[in-house]
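Okay, here's what each chain looks like letter by letter:
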Amino acid sequence: MFARLIDIVQFDFRMKDNSKEYNLASGGGKLYITDNGLLLSDGSSWYQIPFNEVKDIIDLDYDNPSLLLNLSSLRIFIHGSQANILSALRHYLLPYVR
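Remember, it's a predicted structure, so these values are computed and weren't measured experimentally.

### Some thoughts on the overall build of the chain
Part 1 of the reasoning: Along the backbone of the chain there are 1 helix and 7 strands.
Part 2 of the reasoning: Counted from the first residue to the last, the chain has its helices and strands arranged as β-β-β-β-β-β-β-α.
Part 3 of the reasoning: Across its three principal directions, the C-alpha atoms of the chain cover 35 × 30 × 30 Å.
Part 4 of the reasoning: Taking all 98 residues of the chain together, the buried fraction comes to 39%.
Part 5 of the reasoning: In the chain, of all internal contacts separated by at least 6 residues, the share reaching a separation of at least 24 is 44%.
Part 6 of the reasoning: Considering the chain, the positive charge centre built from 9 side chains and the negative charge centre built from 11 side chains are found 4 Å apart.

Below you can see the structure in the form of structure tokens.
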């Protein structure tokens, strides 16, 4: 397995339950791409996002680089420092979206 650093990001994990949304974790750290998913690390914790779990990926705002990854019951907001990198990541991930 390989892991390549993509960007320094801020992230929010939010769980969807009926009409409510709960903040599970948030922080800042590094975003990595691996052969089968994404990894987020805040320095003390690691979060794995498998490609095959992503249901939808949305580019939220080009001026403020951000992506929204929708999983079955989880929404992950990723705010980066470089719009071109997150936009390229979205295009890379689109074939994996179910």
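### Some details on the pairing of strand β4 (residues 46-50)
Part 1 of the reasoning: Summarising the sheet, strand β3 (residues 37-41) and β4 pair through 5 bridges and their orientation is antiparallel. Its bridge partner being in β4, Leu39 is matched across the sheet by Gln48.
Part 2 of the reasoning: Connecting β3 to the next strand, β4, in antiparallel fashion are 4 residues, including Gly43 with a positive phi near 100°.

Definitions and limits used
- Residues numbered from 1 in each chain as written.
- Predicted model: local features only at pLDDT ≥ 70, side-chain atom pairs only at ≥ 80, totals over all residues.
- Heavy atoms only, no water.
- Helix = DSSP H or I, 4+ residues; strand = E, 2+ residues; numbered from the N terminus.
- Buried < 20%, exposed > 50% of the residue type's maximum accessible area, 1.4 Å probe, protein only.
- Contact = heavy atoms within 4.5 Å.
- Lys, Arg positive; Asp, Glu negative; His and termini not counted.
- Charge placed at Lys NZ, Arg CZ, Asp CG, Glu CD.
- Pairing = 2+ DSSP bridges.

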